[in-house]
Amino acid sequence: MTDQYAVVGNPIAHSLSPQIHRAFAAQIGEDIRYDKLLAEKDGFADFARLFFASGGRGLNITVPFKLDAYGFADALTERARAAGAVNTLKKRDDGSLLGDNTDGAGLVADLRDNLGWSIGGRKVLLLGAGGAARGALLPLLDEKPQLLHVANRTFAKAEQLVAEFSARGPMSAGGLELFPGDFDLIINASSASLGGELPPLPDSVVGPGCCAYDMVYGAEPTAFMAWASARGAEVADGLGMLVGQAAESFYLWRGVRPEVAPVLAGLRARLGEE
């Protein structure tokens with residue numbers, strides 16, 4: 001019998017998740033069905049109950065339901081608790097639902113394995129203090145950076161994140177005006193790129209030898225990527241993170257880890273054709 005999986009969101013038409021998971025299943029020879037489904041903005045719990053009662057085995061969750069899924073899960077992984085949000089639900093053999101957050105793991109896998117960018121022993125700047133930044137913190141700290149500096153327009157939000165996570169590694173917090181020296185890796189987890197904008201950063205924060213990563217992806221470089229590249233940095237967008245977090249979900253559900261590279265290459269080629 002074909003196992004049922006899906007991604008749920010509102011909106012959902014843009015989601016690439018079905019293409020990714022179907023490619024993973026074909027690669028490994030797994031018998032699954034994976035759909036993208038729309039839920040009412042105040043109807044996640046009813047949607048999820050029906051999906052799992054109807055035989056669903058796993059669910060990916062995107063905007064705006066990650067907090068709803070966090071509260072809906074019967075149990076949470078450590079990284080889901082740290083993120084305060086769930087993007088993956090798995091129905092276990094006893095019928096209970098395990099909530100996980102694979103976003104940060106997908107980011108680290110893209111940085112380390114696809115791009116070959118080191119995190120351990122490096123100075124890392126994380127821009128933003130919202131949900132995307134929070135989801136990335138624990139996996140990034142597990143890589144043992146020399147320093148993880150969180151910078152945000154509202155300093156208090158960055159300071160709060162550092163207070164919560166600083167026991168896991170060396171961290172500092174600040175606004176977007178002053179930075180503690182140079183950085184080896186800059187990760188844009190702010191929402192600026194979604195509106196085609198650039199965070200108000202001083203030119204001195206980036207330069208040759210630095211790597212700059214934007215969690216947003218598209219056919220063209222983001223404003224942040226263009227700014228960093230013009231100043232000599234090596235740049236990348238978040239498409240590999242998208243495929244990486246999907247691979248983590250697939251592994252959680254099926255116990256098999258798919259190869260990311262060919263799926264990522266296929267998606268990149270399609271984006272270039274659009």
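What counts as what
Residues numbered from 1 in each chain as written. Predicted model: local features only at pLDDT ≥ 70, side-chain atom pairs only at ≥ 80, totals over all residues. Heavy atoms only, no water. Phe/Tyr/Trp six-rings, centres within 6.5 Å; stacked < 30°, edge-to-face > 60°. Buried < 20%, exposed > 50% of the residue type's maximum accessible area, 1.4 Å probe, protein only. Lys NZ or Arg CZ within 6 Å of the ring centre and 35° of its normal. 1 Å grid on protein atoms, 1.4 Å probe; cavity = no way out; pocket = protein on both sides within 12 Å on 5 of 7 lines; lining within 4 Å. Points joined across faces, edges and corners; volume = space filled by probe spheres on them. Helix = DSSP H or I, 4+ residues; strand = E, 2+ residues; numbered from the N terminus. Nonpolar A, V, L, I, M, F, W, Y, C, P; charged D, E, K, R; others polar.

1. Structural notes on the packing of aromatic side chains
(1) Moving on: Evaluated as defined, the whole model comprises ten aromatic pairs.
(2) Moving on: With centroids separated by 6.4 Å and ring planes inclined at 90°, the aromatic side chains of phenylalanine 179 and phenylalanine 183 adopt a geometry described as edge-to-face.
(3) Moving on: What makes phenylalanine 179 buried here is its relative accessible area of 17%.
(4) Moving on: Chaining the aromatic ring pairs together yields one cluster made of Tyr5, Tyr34 and Trp253.
(5) Moving on: The ring of phenylalanine 183 carries lysine 123 above its face, with NZ or CZ at 5.7 Å from the centroid.
(6) Moving on: The ring of tyrosine 251 is capped by arginine 257, whose NZ or CZ atom sits 4.1 Å from the centre of that ring.

2. Focus: the layout of surface pockets
(1) Moving on: Estimates place the volume of the largest pocket at around 1300 Å³.
(2) Moving on: Lining the largest pocket are 42 residues; nearest its centre among them are Thr62, Val63, Lys66, Asp103 and Ala132.
(3) Moving on: Of all the secondary structure elements, the ones that give two or more residues to the lining of the largest pocket are β3 (56–61), α3 (66–72), α6 (131–142) and α9 (239–254).
(4) Moving on: Of the residues belonging to the lining of the largest pocket, the class tally is 21 nonpolar, 18 polar and three charged.
(5) Moving on: Looking at the second largest pocket, its volume works out to about 180 Å³.
(6) Moving on: What lines the second largest pocket is a set of 15 residues, among which Asn152, Arg153, Leu176, Ser190 and Ser191 lie closest to the centre.
(7) Moving on: Grouping the amino acids of the lining of the second largest pocket by side-chain chemistry returns seven nonpolar, five polar and three charged.

Read these as geometric descriptors, not functional statements.
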